[in-house]
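# Structural features, examined
Letter by letter, the chains look like this.
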Amino acid sequence: MNDTISKAALNFSDKTPAVDLPVYGGTIGPDAIDMRSLYSQSGKLSYDPGFMATASCHSAISYIDGEKGELLYRGYPIEQLATTCDYMDTCFLLLKGELPTAEEKTEFEKNVADNAMVHEQMQFFFRGFRRDAHPMSILVAIVGALSSFYHDSLDINDPAHREMAAQRLLAHMPTLVAMSYKYSIGQPFVYPRKDLYYTANFMRMMFSTPAEDYKINDVLVRALDRILILHADHEQNASTTTVRLAGSSGANPFACVSAGIACLWGPAHGGANEAALNMIKSIGSVDNVADFVKSVKDPENQSRLMGFGHRVYKNIDPRATLMRETCHEVLNELGLNNDPMFKIALEIERVALEDDYFVSRQLYPNVDFYSGIVQSALGMPTNFFTGIFALARTVGWIAQWKEMISDPEQRIGRPRQLYVGEPRRDVPPRGK
Ligand code: CMC
């Protein structure tokens, strides 16, 4: 499956004989040295905490050029998808490899809508949580619990089961996120409606009450849809790697996605959108921006400029540019052009991009810098931002999980270590 384009010779300064390793070329992007025979040839391991220079798999789903600031889904630039396609097109593309025809899209949307209702028993599961539980803690549990509701789609070796589980996850996530919200504010759950588009249906489930139906606003639906498109996949990020690692042991997809949600929760990953908005709120005014930016540069200070920096992007995150545009559109639609949060965000961006600390470390705004402001304007509570990221990323996790399961090279993910503990020693005599 991998094309060997050259060989790498690894020489050691001790008596270990040189090792020849194949080098593979992808369609675009860096080549990769196949390290799998390193241990059998040399008795040595590769050491790469944080996977700084490790390709953990081959994948055909999404691609990032961090230097250029480019993101492709199945080869299509994110800017084109975000302006000409909707989230359902994007889901079909990620899962199936091509954009849907009109008929394929109708069928796909129908399947998703048909599966949007969750098992009625699930509402009792929700009721076990405290009302003030963080939505991500609920989602971790509730998505993992789907495996105890759907025994008929747990055989990962059966393609029909895999398909059914994938559809259920994609279709159930908006319902589950909305149920978490309704539970947290003490309102009745709102059932999905089949006649509404995926994102409009989600907003209705979030904001309708029995007393007042939610009025769907196309500009706002489009804004949330764009958030979903921009967050749908991002090659081998931490949560996707978690999903793949969990899946590599043969765990069922509901359990794997639950593991992905747990990983996404962290502030260095998906939790950054919540953290970025809280940071902007705590800065309070444009006048305080310079001092705040100064404080995050202090090596003694553990805090970071949330929504800035990325392991792969060493240029502006293309999703941040699109998100900034959406931010303008939403604030304009809602008559919030003078939104103080947006002003603070623009000032942070201006100050940081002129500051040598950020420029020299290639720290630019990432998608989470603006997505919190947009979500807040849409009426999403701050502690639900990461839940919406999870909703958007579910399709990417499923696509990556499916790709992994059908990859003949797939093996259980089992890294080794450089052991630095005590060498072998005997237990000393113990007093009785
Ligand atoms: N604010 C201040 N300094 C930073 C920041 C930041 N946001 N990010 C990195 N640095 C500094 C860091 O202190 C280090 O400096 P030095 O070389 O002096 O020690 C240098 O830049 C390299 O940082 P790193 O931690 O080695 O970089 P990393 O690739 O391991 O971390 C990151 C990437 C995204 C975790 C990090 O940039 C970060 O914590 N950013 C803030 C959180 C955030 O916005 N996360 C969302 C990422 S995008 C959404 C997603 O994909 O989940």
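Residues numbered from 1 in each chain as written. Predicted model: local features only at pLDDT ≥ 70, side-chain atom pairs only at ≥ 80, totals over all residues. Heavy atoms only, no water.

A tally of helices and strands in the protein yields 18 helices and six strands. Against the globule reference of 22 Å for 432 residues, the protein gives a C-alpha radius of gyration of 23 Å, in line with a compact fold. When its C-alpha atoms are laid out on the principal axes, the protein stretches across 75 × 65 × 55 Å. Evaluated residue by residue, the protein yields a buried proportion of 48% over its 432 residues. Residue pairs in contact within the protein that sit at least 24 positions apart in sequence constitute 70% of those at least 6 positions apart. Total accessible area on the protein stands at roughly 21,400 Å², and carbon and sulfur atoms take up 52% of it. Taken as two groups, the 42 positive and 52 negative side-chain charges of the protein have centres that lie 8 Å from each other. (Helix = DSSP H or I, 4+ residues; strand = E, 2+ residues; numbered from the N terminus. Rg over C-alpha atoms; globule rule 2.2 N^0.38 Å. Buried < 20%, exposed > 50% of the residue type's maximum accessible area, 1.4 Å probe, protein only. Contact = heavy atoms within 4.5 Å. Areas by Shrake-Rupley, 256 points an atom, 1.4 Å probe, with all protein chains shown as cover. Lys, Arg positive; Asp, Glu negative; His and termini not counted. Charge placed at Lys NZ, Arg CZ, Asp CG, Glu CD.)

A word on the sheet that holds strand β1 (residues 3–10). The three strands are arranged β1-β2-β3 in an open sheet whose pairing can be described as antiparallel. The open sheet has two free edges, formed respectively by β1 and β3 (32–33), since each of these has just one partner strand. The pairing of strand β2 (residues 19–25) with β3 spans two bridges and is classified as antiparallel. In the sheet register, Y24 faces β3, and the bridge partner there is A32. (Pairing = 2+ DSSP bridges.)

Here a disulfide denotes one covalent bond, and it connects the sulfur atoms of two cysteines. With the rule as written, the count across this model stands at zero disulfides. No disulfide involves C57; its nearest neighbouring cysteine sulfur is the one of C256, lying 14 Å away. Judged by relative accessible area, C57 falls into the partly exposed class, the value being 26%. (Disulfide = S-S within 2.5 Å.)

On to the nonpolar core. Counting 117 residues, the largest nonpolar core has Y87, L170, L176 and I348 as the members making the most contacts within it. The contact partners of Y87, leaving out residues within four places of it in the chain, are L170, Y197, Y198, D225, L228, I229, A232, L391, A392 and V395. (Core = buried A, V, L, I, M, F, W, Y, C linked by side-chain atoms within 4.5 Å.)

Under the defined criterion, the tally for this structure stands at 13 aromatic pairs. Ring centres of Y87 and Y198 lie 5.5 Å apart, and the angle between their planes is 40°; on these two criteria the pair is classed as tilted. Placement of Y87 in helix α3 (residues 87–96) and of Y198 in helix α8 (residues 198–207) is noted, with a sequence separation of 111 residues between them. By relative accessible area, which is 8% here, Y198 ends up buried. Here the aromatic rings of F308 and F358 are separated by 5.8 Å at their centres, their planes lie at 70°, and the arrangement is edge-to-face. Of this pair, F308 sits in the loop between α13 (289–297) and α14 (318–333) while F358 sits in helix α16 (residues 356–360), and the two are 50 residues apart along the sequence. These aromatic residues form a ring-pair network of at least three members: F308, F342, Y357, F358, F369 and Y370. A cation sits over an aromatic face here: R416 above Y39, 5.5 Å from the ring centre. (Phe/Tyr/Trp six-rings, centres within 6.5 Å; stacked < 30°, edge-to-face > 60°. Lys NZ or Arg CZ within 6 Å of the ring centre and 35° of its normal.)

On to the pattern of salt bridges. Applying the stated criterion to the full structure yields 25 salt bridges. Between K105 and D86 there is a salt bridge; the shortest N-O distance is 2.7 Å. Remark: D86 occurs in the loop between α2 (78–84) and α3 and K105 occurs in helix α4 (residues 102–114); sequence separation between them is 19 residues. When its relative accessible area of 16% is taken as the criterion, K105 is described as buried. Judged by relative accessible area, D86 falls into the buried class, the value being 16%. Residue D355 is joined to K297 by a salt bridge in which the shortest nitrogen-to-oxygen separation is 2.7 Å. A residue pair is termed long-range when its members are at least 10 positions apart, and D355 in the loop between α15 (340–353) and α16 and K297 in helix α13 qualify at 58 residues. (Salt bridge = Lys/Arg side-chain N within 4 Å of Asp/Glu carboxyl O.)

Moving on, we get to the pairing of strand β4 (residues 62–65). Going residue by residue along β4, you find S62 and I64 tucked away on one face and Y63 and D65 tucked away on the opposite face as well. Relative to strand β5 (residues 70–73), β4 is paired through four bridges, and the arrangement is antiparallel. Within β5, the position partnered with S62 by the bridge is Y73. Hairpin connection, β4 to β5: the antiparallel pair is bridged by four residues, and G69 has positive phi, about 80°.

Right, let's get into the site of the ligand. Taken together, 18 residues lie around the ligand, and H269, L305, G307, R311 and Y357 are the ones closest in. Residue R304 places a side-chain N or O atom 2.9 Å away from an oxygen atom belonging to the ligand. For the ligand, the protein covers 72% of the area, taking 940 Å² as the surface of the free molecule. Taken together, the residues that form the shell around the ligand break down as eight nonpolar, six polar and four charged. (Near = heavy atom within 4 Å. Polar contact = N/O pair within 3.5 Å; in protein donor to acceptor, adjacent residues only side chain to side chain. Nonpolar A, V, L, I, M, F, W, Y, C, P; charged D, E, K, R; others polar.)

This next bit is on the packing of α14 against α15. The geometry of α14 relative to α15 is characterised by a closest axis approach of 12 Å and an angle of 155° between their N-to-C directions. With respect to each other, α14 and α15 are oriented roughly antiparallel. Where α14 crosses over α15, the two elements pack in a sense that is left-handed. Touching R324, C327, H328 and L331 of α14 are F342, L346 and E349, all from α15. Class assignment for the residues of the contact of α14 with α15 results in four nonpolar, one polar and two charged. (Axes fitted to C-alpha atoms, helices over the stretch in contact; angles between N-to-C directions. Parallel < 35°, antiparallel > 145°, perpendicular 65-115°, else oblique. Left-handed = near helix turned anticlockwise from the far one by under 90°.)

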